[in-house]
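Letter by letter, the chains look like this.
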Amino acid sequence: MSGLLGVRLLLLWASACLLLPTLARGAFVLSGGHEALQGTEGAARSLQKRSANQAMVEVYSVRVHCTVTSRFAHTVMTSKALNKANTSQEIFFEVELPKTAFITNFSMEIEGQVYVGEVKEKEKAKKQYEKAVSSGQTAGLVKASGRKMEKFSVSVNIAAQSNVTFTLTYEELLDRTQGQYEILTRVKPKERVQEFQIVTDIFEPQGISFVDSHASFLSNDLLPLVEKTVTDKKAHISFSPTMDQQRSCSDCDGTLIDGDFIIKYDVNRENNIGDIQIVNGYFVHFFAPHDLPRVPKNVVFVIDRSGSMSGKKIQQTREAMQAILKELPEEDHFSIVLFGSSTDAWRDSLQKANVDNINDALQYAKNIAIEGSTNMNDGLVRAARMLVKDRQEKRIPERSIDMIILLTDGMPDGGRSSLGSIMNNVRETGGGNTTLFCLGFGNDVDYSFLDEMSKENKGLARRIYEGSDATLQLQGFYQEVSSPLLLEVDLRYPDNTVDFLTTNHFDQLFNGSEIVVAGRLRDNDLNNFMVEVFGQGFEEDFRVQGQASPTDWSVLYPDEEYIFGDFIERLWAYLTIQQLLEKSKSGTTDEKQNATAKALDMSLRYSFVTPLTSMVVTKPETEDGTESPLIADKLTEAQRQQAERMAGRYIPQNVGYTYQAQPSFFVDGDPHFMIELPDMDDALCFNINDKPGTIFNLVRDLKPGILVNGEVIGDKMIPPDGKINTYFGRFGIVHQGLGVRLMISTTDILVFQDGQLVKLLWSDSASVKGPNVDIALTKGRSLTVTLKDSVKFVILLHKVWEKHPYHRNYLGFYTLDSHLLSSSVHGLLGQFYHGVDFEVTDLRPGEVPEKPDATMFVKGHQLNVTRGWQRDFRRDVKNGDNVPCWFVHNNGTGLIDGQASDYIVSGLFKTV
């Protein structure tokens, strides 16, 4: 995730909040009208109206309870709200959950009546939905949300002085990645909640080796509120701050709870046969042996260098390849194949990863250049032939794994090979002995094709999302598959004791991962339940066997009766459905249809919302006597990708300037630069420190001829503490294409247009309307500048007591609309107008208790940043509103392109 805390290996994620539709990013949303922003006064009116409406709905309880039993996570989210108004109101429940989880239940309790969702076949649910839509009613849908998430939402009309309780339940088998399981809960209540609680209980009969917990929003004051109790086989973690402890600062009403609550853990692994648990006639077998030597690998990196990879993508690929090459163990063999219109190879055969070869390959990767179209077929076939030839000539170790890692960002077009023929060519050339991992970069790839091709070749596909952390995504995936421990792993059980077995043969087992097999027992006689595990290791075959025995849960957890029951059966059902859904994507038509039918039957039997089913919730009758259903779906990866494509290409029409609905970029104060990104629920900030008289370029767009520069002023004299505060005291704005020039100081505004000069004083209210520019001046407060078909700015005047011994009046500069500027817009603020991707990890205590430090990855840099607040003065020009942000030190170094000095200009209307 980019945003407050990017967690690449997400397993459990939810959110809860209360806000208005234009700010809908959490659990509760209150419907209400809102006004277009006309300067800062419109912002104030809009906020006042929201505050009045918001006060009419009180969210007084948000509770998340996750119970993990033998890696199977069962999460219940319960939220309660009260309509305090004298009229009925629409309230939205909105929650984010992992895309790999299955919703199992949803209910609403309204005035003592409970409305429960029912899982139906998707086509039947669709017909019910279409019938509702045809009669003018509405339905809620699950939508994609970010890389790992799905957003579930439903609205309901609540009568005056009534309350509603929403309960959502979802389940998921936790995946072990790089040696740990991870549970992550996203919370964004947006306001303080009377009863706020996150509780996680972990039950692991193998024994718990470690448990770590932290949150992106935890200050030193809140850290003691995270209670963690860990015994040999049980862990209890809870976080329940009071209303006062949720306060973002001592004198404000905002909440500090805004971000991700994360739990990581692993279990003990002493038995090489793994851990087998049996409950109520079903068993599960976890296999992840420790202390095994890694199997050497022979890997060919096949890199797309077509024209669509130009720019940031190819640069990030170069960086990732160099980092990966440096991590190759010496016993591995490798090569690199590039494809565009033609193919090229670093070497025609694989080379041992010794120092000389690595150094040579690093130079090769550093110079990867763009060339032509996307001849994927020839690149993959060349890599497969290389592996086959080297194995035939015994140039690579006999006990080793052959691997191709493909990175592409588009559809194959060079070589004129169809998708089907490419799959056949790769499979036949590799002889079924090569593992293919496909990495799809961005939204233009045919992910379904990559997914099917990789599965036919014993591998998997993974999406690489465009963003500043793409290099880290590539490295992270490589780390997952870089250390194979066993090949051709078989887990065997007596034929006469089990049936309905999940997949029990695996092509490889990687270090830090885990194999899971589940099934149903034919009887309860376990005297003959012998388990055998076979695999090919580095130096010799791996083989272990042992007698399975049931776990006596009542002895292990004598006081936890409620965790017993059908959890292993549901784990088996979850795993079986997942595997059937994968089988339904490949094979013969009959095989696909058979797998689909079985998956649908089990989804309905166990009430799982899968890509084959939908959950239908019939909401209470409305005032006109009708009912409207909510349809909750499970998206496929292709549907998620299509949604992202549409979102990326959407250009808003007739944009309304609702406060905080669009990204906001401003500089105000000392001077403090702020980039607010509502889509990421976060903000970045930095200061620029320079001597008075320095002029900085803030915005520069050469295509339309737009320029905004600002001149720094300082205090009247040096204060007793020796620290001179600096601000912006003058702005110069130019639009050459429109023939407009403005100079704004703390005393007056000069407007040059069509050879005419208009002078305005801050002591007056006035407006200037022309064919190319509209200017609205609010006395002593703000100046709104709208340049035709291009951009809209607001300049705020901060007035200081005339007789103040040190401080003086200064200006703030806010961008309200910049979406019509060209892609080449730049400047200290302009470079962020088209967005910025970043990831924040490793939250840790900072020098100040309320301001933790963290590590940020942005624009290819790794920075130490600090969580803090800056003030947005648009609503309240005197006091401002505190906005939390990640503060980038050293004049924004690493966040801004180049150095701050690169933006210094020689005059108020000069370019860099």
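Being a predicted model, the structure only gives us computed values, none of them experimental. (Residues numbered from 1 in each chain as written. Predicted model: local features only at pLDDT ≥ 70, side-chain atom pairs only at ≥ 80, totals over all residues. Heavy atoms only, no water.)

K.L.:
Can you help me understand the overall build of the protein chain in this one?
P.N.:
A tally of regular secondary structure across the protein chain gives 13 helices and 53 strands. Looking at the 912 residues of the protein chain, the share that counts as buried comes to 57%. A separation of at least 24 residues holds for 68% of the contacts in the protein chain among residues at least 6 apart in sequence. Surface summary for the protein chain: the accessible area is close to 37,600 Å², and the carbon and sulfur share equals 47%. (Helix = DSSP H or I, 4+ residues; strand = E, 2+ residues; numbered from the N terminus. Buried < 20%, exposed > 50% of the residue type's maximum accessible area, 1.4 Å probe, protein only. Contact = heavy atoms within 4.5 Å. Areas by Shrake-Rupley, 256 points an atom, 1.4 Å probe, with all protein chains shown as cover.)

K.L.:
How should the packing of aromatic side chains be read in this particular structure?
P.N.:
Each aromatic ring pair is characterised by the separation of its centres together with the angle its planes make. One pass over the structure, following the stated rule, counts 26 aromatic pairs. Geometrically, the ring pair formed by Phe793 and Phe813 is tilted, given 4.8 Å between the ring centres and 40° between the ring planes. With Phe793 in strand 47 (residues 791-798) and Phe813 in strand 48 (residues 810-817), this residue pair connects regions lying 20 residues apart in the sequence. The same class applies to Phe793 as to Phe813, namely buried. In textbook terms, an aromatic cluster arises when at least three aromatic residues are bridged by ring pairs, as seen for Phe72, Phe102, Tyr282, Phe500, Trp572, Tyr574, Tyr606 and Phe608. Lying over the aromatic face of Phe909, Arg741 brings its terminal NZ or CZ to 4.5 Å of the ring centre. It is Arg867 that lies over the ring of Trp886; its NZ or CZ is 4.7 Å from the centre. (Phe/Tyr/Trp six-rings, centres within 6.5 Å; stacked < 30°, edge-to-face > 60°. Lys NZ or Arg CZ within 6 Å of the ring centre and 35° of its normal.)

K.L.:
Just to check I follow, could you spell out the pattern of salt bridges for this structure?
P.N.:
Should their charged atoms come close, side chains of opposite charge can pair. Enumeration over the complete set of coordinates arrives at 40 salt bridges. As a salt-bridge pair, Glu331 and Arg294 come within 3.1 Å of each other at their nearest N and O atoms. Linking Glu331 in the loop between helix 3 (312-327) and strand 21 (333-339) with Arg294 in the loop between strand 19 (282-287) and strand 20 (297-304), this pair joins segments that are 37 residues apart in sequence. Taking relative accessible area as the criterion, Arg294 reaches 17% and is therefore assigned buried. In this structure, Arg520 engages Asp499 in a salt bridge whose closest nitrogen and oxygen atoms are separated by 3.4 Å. In this pair, Arg520 sits in strand 30 (residues 515-521) while Asp499 sits in strand 28 (residues 498-499), placing the two residues 21 residues apart along the sequence. Take Arg520: its relative accessible area is 31%, and that puts it in the partly exposed class. (Salt bridge = Lys/Arg side-chain N within 4 Å of Asp/Glu carboxyl O.)

K.L.:
Before we go on, may I ask you to explain the packing of helix 10 (residues 567-583) against helix 11 (residues 589-605) in this structure?
P.N.:
Axes are the key here: two packed helices are described by the angle between their axes and the distance separating the axes. Two elements in contact, helix 10 and helix 11, have axes separated by 8 Å at closest approach and are oriented at 150°. Our classification of the angle between helix 10 and helix 11 gives roughly antiparallel. The handedness of the crossing between helix 10 and helix 11 is left-handed. Of the residues in helix 11, those in contact with Trp572, Ala573, Thr576, Ile577, Leu580, Leu581 and Lys583 of helix 10 are Lys592, Ala595, Lys598, Ala599, Met602 and Ser603. Residue composition of the contact of helix 10 with helix 11, grouped by class: eight nonpolar, two polar and three charged. (Axes fitted to C-alpha atoms, helices over the stretch in contact; angles between N-to-C directions. Parallel < 35°, antiparallel > 145°, perpendicular 65-115°, else oblique. Left-handed = near helix turned anticlockwise from the far one by under 90°. Nonpolar A, V, L, I, M, F, W, Y, C, P; charged D, E, K, R; others polar.)

K.L.:
I'm lost on the nonpolar core in this one. Help?
P.N.:
By size, the foremost hydrophobic cluster in this structure holds 59 residues, and its most contacted members are Leu698, Ile744, Ile795 and Phe813. When residues no more than four places from it in sequence are discounted, the contact partners of Phe813 are Phe665, Phe666, Val667, Leu698, Val708, Phe731, Ile733, Phe793, Val794, Ile795 and Leu829. Of all hydrophobic cores here, the second largest spans 58 residues; its members include Val68, Met77, Phe166 and Val193. (Core = buried A, V, L, I, M, F, W, Y, C linked by side-chain atoms within 4.5 Å.)

K.L.:
What am I meant to see in the packing of helix 5 (residues 376-392) against helix 6 (residues 419-430) here?
P.N.:
Their axes nearest at 8 Å, the elements helix 5 and helix 6 cross at an angle of 10°. Accordingly, the angle class assigned to the pair helix 5 and helix 6 is roughly parallel. Contacts between helix 5 and helix 6 involve Asn377, Leu380, Val381, Ala384, Arg385 and Val388 from the first element and Ser421, Ile422, Asn425, Val426, Thr429 and Gly430 from the second. Of the residues that constitute the contact of helix 5 with helix 6, the class distribution is six nonpolar, five polar and one charged.

K.L.:
What should I look at first to understand helix 6 in this one?
P.N.:
The end-to-end C-alpha separation of helix 6 is 17 Å, in line with the 16 Å expected for 12 residues at 1.5 Å each. Among the residues making up helix 6, those that are buried are Ile422, Met423, Val426 and Gly430. All buried residues of helix 6 project into a common sector of 100° when viewed along the axis, lining one side. (Expected span 1.5 Å × (residues − 1). Arc of directions from axis to C-beta.)

K.L.:
Looking at this model, I keep getting lost on unusual backbone geometry. Mind explaining?
P.N.:
Most peptide bonds take the trans configuration, and most residues that are not glycine carry a negative phi. Cis geometry is adopted by the peptide bond preceding Pro671, which originates at Asp670 and carries an omega value of -5°. When you line up the elements, Pro671 lands in the loop between strand 35 (664-668) and strand 36 (672-677). The residue Ser607 is not glycine, and still its phi comes out positive at about 55°. Along the chain, Ser607 falls in the loop between helix 11 and strand 33 (613-618). Its identity as a non-glycine residue notwithstanding, Asn891 has a phi of 60°, on the positive side.

K.L.:
Quick question: what am I supposed to make of the state of the cysteines here?
P.N.:
Two cysteines joined by a covalent bond between their sulfur atoms form a disulfide. Taken as a whole, this structure holds one disulfide when the rule is applied. Residue Cys685 pairs covalently with Cys885 via a disulfide, S to S 2.1 Å. Because the sign of the S-S torsion sets the handedness, a value of about 70° for the bond joining Cys685 and Cys885 places this disulfide among the right-handed ones. Of this pair, Cys685 sits in strand 37 (residues 682-687) while Cys885 sits in strand 52 (residues 881-888), placing them 200 residues apart in sequence. Residue Cys685 is classed as buried on the basis of its relative accessible area, which comes to 0%. Classification of Cys885 by relative accessible area gives buried; the value is 0%. (Disulfide = S-S within 2.5 Å.)

K.L.:
For this particular structure, what's the right way to read the environment of Arg700?
P.N.:
Summarising the element assignment, Arg700 is placed in strand 38 (residues 695-701). When the C-alpha positions of Arg700 and Thr911 are compared, they lie 7.8 Å apart, and in sequence the two are 211 residues distant. Engagement of the side chain of Arg700 in a polar contact is seen with the side chain of Asn697, the distance being 3.2 Å. (Polar contact = N/O pair within 3.5 Å; in protein donor to acceptor, adjacent residues only side chain to side chain.)

K.L.:
Please clarify how the sheet that holds strand 17 (residues 259-267) should be interpreted in this entry.
P.N.:
One open sheet holds the three strands; their spatial order is 12-17-14, and the pairing between them is antiparallel. The open sheet terminates on both sides in strands that have one partner only, identified here as strand 12 (181-187) and strand 14 (208-215). Across the sheet, the mean angle separating the axes of adjacent strands is 10° when strand polarity is ignored. (Pairing = 2+ DSSP bridges.)

K.L.:
Where do I start with the sheet that holds strand 11 (residues 163-173) in this structure?
P.N.:
In any sheet, the strands associate via hydrogen bonds between backbone groups, in a parallel or an antiparallel arrangement. Overall, mixed pairing links the eight strands, which are arranged 7-6-11-4-3-13-16-15 in an open sheet. Both outer strands of the open sheet, strand 7 (113-116) and strand 15 (226-230), are each paired with one neighbouring strand and no more. Adjacent strand axes in the sheet meet at a mean angle of 10° when their direction is disregarded. Where strand 13 (residues 195-203) and strand 16 (residues 234-239) come together, six bridges link them in antiparallel fashion.

K.L.:
Just checking my understanding: could you explain the side chain of Asp402 for this structure?
P.N.:
Here Asp402 lies in strand 24 (residues 401-408). For Asp402, a relative accessible area of 5% corresponds to the buried category. Only 2.7 Å separates the side chain of Asp402 from the side chain of Asn298, close enough to count as a polar contact. A distance of 2.7 Å separates the side chain of Asp402 from the side chain of Arg391, its partner in a polar contact. Those residues in contact with Asp402 that lie beyond four places of it in its chain are Asn298, Leu387, Arg391, Ile396, Asn433, Thr434 and Thr435.

K.L.:
Mind showing me how you'd approach the side chain of Arg570 here?
P.N.:
Tracing the chain through its elements places Arg570 in helix 10. Assessed through its relative accessible area of 13%, Arg570 is described here as buried. Here the side chain of Arg570 touches Tyr606 through a polar contact of 3.1 Å, landing on its backbone oxygen. Leaving out residues up to four positions away in the same chain, Arg570 has contacts with Phe72, Thr104, Glu171, Tyr606 and Phe608.

K.L.:
Is there a simple way to explain the pairing of strand 36 in this structure?
P.N.:
Both faces of the sheet carry side chains from a regular strand, because those side chains alternate between them. The element strand 36 is largely enclosed, with a buried count of six among its six residues. On strand 36, burial covers both faces: His672, Met674 and Glu676 on one face and Phe673, Ile675 and Leu677 on the other are all buried. Between strand 35 and strand 36, which pair antiparallel in sequence order, lie three residues; one of them, Gly669, sits at a positive phi of approximately 95°. Both strand 36 and strand 37 contribute to a ladder of six bridges, which runs antiparallel. Each residue of the ladder has a partner; that of Glu676, found in strand 37, is Ala683.

K.L.:
How should I be thinking about the pairing of strand 21 in this particular structure?
P.N.:
Of all seven residues making up strand 21, seven are buried, and the element is well covered by its neighbours. A two-sided burial pattern is seen for strand 21, the buried positions comprising His333, Ser335, Val337 and Phe339 on one face and Phe334, Ile336 and Leu338 on the other. Direction of pairing for strand 20 relative to strand 21: parallel, over a ladder of seven bridges. When the bridges of strand 21 are listed, Val302 appears paired with Val337. The parallel pair strand 20 and strand 21, bridged by helix 3, forms a crossover whose chirality is right-handed. Relative to strand 23 (residues 351-352), strand 21 runs antiparallel, the two sharing two bridges. Each bridged residue has a counterpart across the sheet, and for Phe334 the counterpart in strand 23 is Gln351. Sheet topology note: the strand 21/strand 22 (residues 343-345) ladder contains three bridges and is antiparallel. Across the sheet, Phe339 pairs through a bridge with Thr343, a residue of strand 22. Between strand 21 and strand 22, which pair antiparallel in sequence order, lie three residues. (Right-handed = clockwise from strand over helix to strand, strands pointing away.)

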